[in-house]
Amino acid sequence: MPQFDRWDHRFMEMAHVIATWTSCYVPGRSIGAVIVKDKRIMTTGYNGAPAGLKTCRERGYCMRRRMGIASGTRAELCYAIHAEQNAIIQAAKLGVSIDGATLYCTHQPCSVCAKMIINAGIRRVVYQEGYPDPFSLEIFAEAGVTLEQYTPPADPAEYKVVDVVPSPD
């Protein structure tokens, strides 16, 4: 079982804040992602429509629901792109290297996002909620990307700081 420290907790909290920016029409589909290197936030992303397109909230409906598409399938049939994709695209657009980074995400990445994460050089993914895409777990394992499911403690004071350097005293 992975051991999380206070930094993991902070970045997961940030992913949840970013998730509130979603433009997804479906309740419960607020997804946020934060890409971090050396305890510094490189980029963020949330699920939403590409720049210049109407969001599902603006349209007043979810195309996937209207078409009866199950979660975890046919990702191309959606106006929005995933939070992880937005975070990776933001890094590319801004010229920010995310090679060797950690991605914190409110939900387990799908297989399409997993492939992008792998090719972007992200080495660790921390997520909280599951997603119905077991294939993504297989490709993360084969690529050697560390995938950890985060479970917040009942009391944040329970966090053990595992990266403390002893004082010289």
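For the structure itself, consult the block above.
The shown structure was predicted, so the numbers you read here are calculated from the model rather than taken from an experiment.

## Concerning the overall build of the protein
Helix and strand content of the protein: six helices and five strands. The order of α-helices and β-strands along the protein, N terminus first, is α-β-β-α-α-α-β-α-β-α-β. Radius of gyration (C-alpha) of the protein: 17 Å, near the 15 Å computed for a compact globule of 169 residues. For the protein, with 169 residues in total, the buried portion stands at 40%. Long-range contacts, defined here as pairs at least 24 residues apart, represent 57% of the contacts in the protein between residues at least 6 apart.

## Quick notes on unusual backbone geometry
Despite not being glycine, D38 shows a phi value in the positive range, around 50 degrees. Counting through the fold element by element, D38 comes out in the loop between β1 (32-37) and β2 (40-46). Overall, the relative accessible area of 70% leaves D38 in the exposed class. Although it is not a glycine, K39 adopts a positive phi angle of roughly 65 degrees. The class of K39 is partly exposed, set by a relative accessible area of 34%.

## Some details on the sheet that holds strand β3 (residues 102-107)
Backbone hydrogen bonds are what pair the strands of a sheet, in a parallel or an antiparallel way. Spatially, five strands are ordered β2-β1-β3-β4-β5 in an open sheet, and the strand pairing comes out mixed. Pairing within the sheet leaves two strands with one partner each, and these edge strands are β2 and β5 (146-149). Strand-to-strand twist in this sheet, taken as the mean axis angle between neighbours without regard to direction, amounts to 20 degrees. Pairing between strand β4 (residues 124-129) and β5: four bridges, direction parallel. Across the sheet, the residue bridging to V125 is L147, located in β5.

## A few points about the pattern of salt bridges
Enumeration over the complete set of coordinates arrives at three salt bridges. The residue R124 makes a salt bridge to D8 at a minimum N-O spacing of 3.1 Å. In this pair, R124 sits in strand β4 while D8 sits in helix α1 (residues 6-19), placing the two residues 116 residues apart along the sequence. For the pair R124 and D8, one class covers both residues: buried. Linking R74 and E76 is a salt bridge whose minimum nitrogen-to-oxygen distance equals 2.7 Å. One salt-bridge network, held together by shared partners, links D8, R124 and E148.

## A few points about the side chain of Q108
Here Q108 shows up in the loop between β3 and α5 (111-120). Polar side-chain contacts of Q108 include one of 3.2 Å to the backbone oxygen of D133.

Thresholds, definitions, all that
Residues numbered from 1 in each chain as written. Predicted model: local features only at pLDDT ≥ 70, side-chain atom pairs only at ≥ 80, totals over all residues. Heavy atoms only, no water. Helix = DSSP H or I, 4+ residues; strand = E, 2+ residues; numbered from the N terminus. Rg over C-alpha atoms; globule rule 2.2 N^0.38 Å. Buried < 20%, exposed > 50% of the residue type's maximum accessible area, 1.4 Å probe, protein only. Contact = heavy atoms within 4.5 Å. Pairing = 2+ DSSP bridges. Axes fitted to C-alpha atoms, helices over the stretch in contact; angles between N-to-C directions. Salt bridge = Lys/Arg side-chain N within 4 Å of Asp/Glu carboxyl O. Polar contact = N/O pair within 3.5 Å; in protein donor to acceptor, adjacent residues only side chain to side chain.

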